[in-house]
Amino acid sequence: MTFKIALLPGDGIGPEVTDSAVKVIKAVGENFNIRFKFKEELIGGSSFEKYNSPLTNETLQTCYDSDVVFLGAVGGYKWEQLPHHLKPEAALLKLRKELGLYANIRPAKIYNALIDSSSLKKEVLTGTDFIVLRELTGGIYFGQPRGFDKTRGWNTMEYSVNEVERIARMAFKLAGKRRKKVTSVDKANVLEVSQFWRNIVHEIHKDFPDIELNDMYVDNTAMQIVRNPKQFDIILTSNLFGDILSDIAGMITGSLGMLPSASLGDKYALYEPVHGSAPDIAGQNKANPLAAIASVAMMFNYSLNMSKPAELIEEAIERTLALGYRTSDIFSEGSTLVSTEKMTSCVIENFNEIFNEQALGVFTL
Ligand code: NAD
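Residues numbered from 1 in each chain as written. Predicted model: local features only at pLDDT ≥ 70, side-chain atom pairs only at ≥ 80, totals over all residues. Heavy atoms only, no water.

S.K.: Residue-level account of the overall build of the chain, with values.
M.R.: Looking only at helices and strands, the chain has 12 helices and 14 strands in total. Computed over its C-alpha atoms, the radius of gyration of the chain comes to 20 Å, within 12% of the 21 Å expected for a compact globule of 365 residues. In terms of its C-alpha atoms, the chain occupies a principal-axis envelope of roughly 60 × 50 × 45 Å. Pairs at least 24 residues apart make up 75% of the contacts formed inside the chain by residues separated by at least 6 positions. (Helix = DSSP H or I, 4+ residues; strand = E, 2+ residues; numbered from the N terminus. Rg over C-alpha atoms; globule rule 2.2 N^0.38 Å. Contact = heavy atoms within 4.5 Å.)

Structure below.
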């Protein structure tokens, strides 16, 4: 079987980290004997430059025709002043909507080798392993009316029953495969849309009696992630709150450059690093490719249903970090500063090494 991947490198460091992801996918394919077919398309600012549109029908069609989509990042200073619908970020919102990607999975897991580079204390961080499950196609990023004039600006935060039900179900199912705990995050003390969200989540919870559910206000959650991140297993939340909380989760685990993500719908799936296009370091071979590479691990897990390659990629990342290799965003005294390309080749070397060790039966657990 050939697995079809739509590649959307995008802008800034997007192409650099996508290149790393492709190299890792090919290495996995060689070891596990899986064939991949890649089709690359423009998206974001690079698409606007060529077609005057950040997302063309052709790019969309390639996504529809593929098994999964892999995206680098979009955006940059150059396109900041464009009208809303022509901005690179609008392409991403439209793509998620068109592909029906309503669930965004962002794991926050501590790599042992990086524990000392976090701004949090080791004892607070050790054992942290949670997922921010963010609703992705509803809420304030899409609600109408929206706009601004000379005297005011406005947006609309809105959720329908179906939108909350399906993401809540996914949260409880994911929790069932993990530590069986869902924290539903809202602002129900102030927002009616949050009261509605909370009611639906509790309704759906009745179908999952073995899963523990608690509610938490978003401001408290921001504090709790920093105070005691180990308490969380699945954080279930809306589009806007999830956007912010996952960046906080990013910083406690070291760097945005370490955070992968998966966006899932009923038919399509998109994998991308959480970080943006980082225009400040674009084109310098400095970007941390590990978020993109860890997104590849998620792709094997969620879209190919192959947990072994995913596990080996994670182990290869852990081993590379343990050997002291660091890109500049995670660099600390005593470690070895490496480029995007070097970090990628180290991960692949370690992946091949671990694969061979396991094939030779070195690990006989
Ligand atoms: P950003 O994530 O691009 O960068 C924030 C900071 O983190 C920068 O200092 C950057 O150098 C650093 N950083 C990010 N990823 C890194 C990596 N892999 N390795 C090393 N350092 C890394 O966020 P921003 O600066 O707020 O946004 C820049 C552009 O990206 C904007 O146009 C924004 O709209 C866009 N953006 C796109 C996405 C996406 O495509 N999914 C997400 C967020 C932001």
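S.K.: How would you sum up the packing of aromatic side chains? Please name residues and give values.
M.R.: Following the criterion strictly, the structure yields 9 aromatic pairs and no others. With centroids separated by 5.7 Å and ring planes inclined at 50 degrees, the aromatic side chains of Y64 and Y268 adopt a geometry described as tilted. One end of the pair, Y64, is in helix α3 (residues 57-64); the other, Y268, is in the loop between β11 (260-264) and β12 (269-273), with 204 residues separating them in the sequence. Here Y64 falls in the partly exposed class, since its relative accessible area comes to 27%. The class for Y268 is buried, based on a relative accessible area of 14%. Of the aromatic side chains, those joined through ring pairs into one cluster are F3, F36, F38 and F300. Directly above the ring of F142 sits K97, whose terminal nitrogen or CZ lies 4.5 Å from the centroid. (Phe/Tyr/Trp six-rings, centres within 6.5 Å; stacked < 30°, edge-to-face > 60°. Buried < 20%, exposed > 50% of the residue type's maximum accessible area, 1.4 Å probe, protein only. Lys NZ or Arg CZ within 6 Å of the ring centre and 35° of its normal.)

S.K.: How would you summarise the layout of surface pockets if you had to cite specific residues and measurements?
M.R.: What the largest pocket holds in volume is close to 900 Å³. I131, L174, R178, N301 and Y302 are the residues nearest the centre of the largest pocket, which is lined by 30 residues in total. When contributions to the lining of the largest pocket are tallied by element, the ones reaching two or more residues are β4 (103-109), β5 (129-135), α6 (161-176), β11, α10 (290-302) and α11 (307-322). Of the residues that constitute the lining of the largest pocket, the class distribution is 16 nonpolar, 4 polar and 10 charged. Two domains each provide a minimum of three residues to the lining of the largest pocket, namely domain 1 (1-103 + 257-365) and domain 2 (118-253). (1 Å grid on protein atoms, 1.4 Å probe; cavity = no way out; pocket = protein on both sides within 12 Å on 5 of 7 lines; lining within 4 Å. Points joined across faces, edges and corners; volume = space filled by probe spheres on them. Nonpolar A, V, L, I, M, F, W, Y, C, P; charged D, E, K, R; others polar. Domains from an automatic or database assignment.)

S.K.: A description of the pairing of strand β8 (residues 181-186) should follow, citing residues and the corresponding values.
M.R.: Summarising burial for β8: 6 of the 6 residues are buried, a large majority. Of the two faces of β8, both are covered, the one formed by K181, T183 and V185 as well as the one formed by V182, S184 and D186. Two elements, β8 and strand β9 (residues 212-217), share 6 bridges in a ladder whose sense is parallel. The residue bridging K181 from the neighbouring strand is E212, located in β9. (Pairing = 2+ DSSP bridges.)

S.K.: Please set out the site of the ligand residue by residue, giving values where relevant.
M.R.: Taken together, 21 residues surround the ligand, and among them E89, G276, A278, D280 and N288 come closest. The side chain of H275 places a nitrogen or oxygen atom 3.3 Å from a nitrogen atom of the ligand. For the ligand, an oxygen atom lies 2.8 Å from a polar atom in the side chain of D280. Look at the ligand: alone it shows 800 Å² of surface, and the protein chains cover 69% of it. Grouping the constituent residues of the shell around the ligand by class yields 10 nonpolar, 7 polar and 4 charged. (Near = heavy atom within 4 Å. Polar contact = N/O pair within 3.5 Å; in protein donor to acceptor, adjacent residues only side chain to side chain. Areas by Shrake-Rupley, 256 points an atom, 1.4 Å probe, with all protein chains shown as cover.)

S.K.: Would you mind going over helix α12 (residues 340-359) in detail, with residue names and values included?
M.R.: Residues separated by three or four positions in an α-helix point in the same direction, a consequence of the helix having 3.6 residues per turn. Between its first and last C-alpha atoms α12 spans 29 Å; for 20 residues at 1.5 Å apiece the expected length is 28 Å, and the two agree. Contacts from the buried residues of α12 go to α1 (14-32), α10, α11 and β13 (325-326). (Expected span 1.5 Å × (residues − 1).)

S.K.: Let's hear about the packing of helix α8 (residues 218-227) against helix α9 (residues 239-252): which residues, and what values?
M.R.: Contact geometry of α8 with α9 gives a least axis separation of 10 Å together with a crossing angle of 10 degrees. What the angle tells us is that α8 and α9 run roughly parallel. The handedness of the crossing between α8 and α9 is right-handed. Of α9, the residues touching α8 (which contributes V218, T221, A222, I225 and V226) are F241, L245, I248, A249 and I252. A class-by-class count of the residues in the contact of α8 with α9 yields 9 nonpolar, 1 polar and no charged. (Axes fitted to C-alpha atoms, helices over the stretch in contact; angles between N-to-C directions. Parallel < 35°, antiparallel > 145°, perpendicular 65-115°, else oblique. Left-handed = near helix turned anticlockwise from the far one by under 90°.)

S.K.: Pulling in residues and values, what's your account of the pattern of salt bridges?
M.R.: Going through the model one piece at a time under the given rule, you end up with 17 salt bridges. Taking the shortest distance from any N to any O, the salt bridge between D243 and R134 comes out at 3.8 Å. Taken together, the positions of D243 in helix α9 and R134 in strand β5 put the pair 109 residues apart, joining distant regions of the chain. The shortest N-O distance in the salt bridge between E357 and R319 comes to 3.0 Å. Of this pair, E357 sits in helix α12 while R319 sits in helix α11, and the two are 38 residues apart along the sequence. Looking at E357, the relative accessible area reads 19%, which means it is buried. Judged by its relative accessible area of 22%, R319 is partly exposed. One network of salt bridges, in which partners are shared, links D129, R178, R179 and D233. (Salt bridge = Lys/Arg side-chain N within 4 Å of Asp/Glu carboxyl O.)

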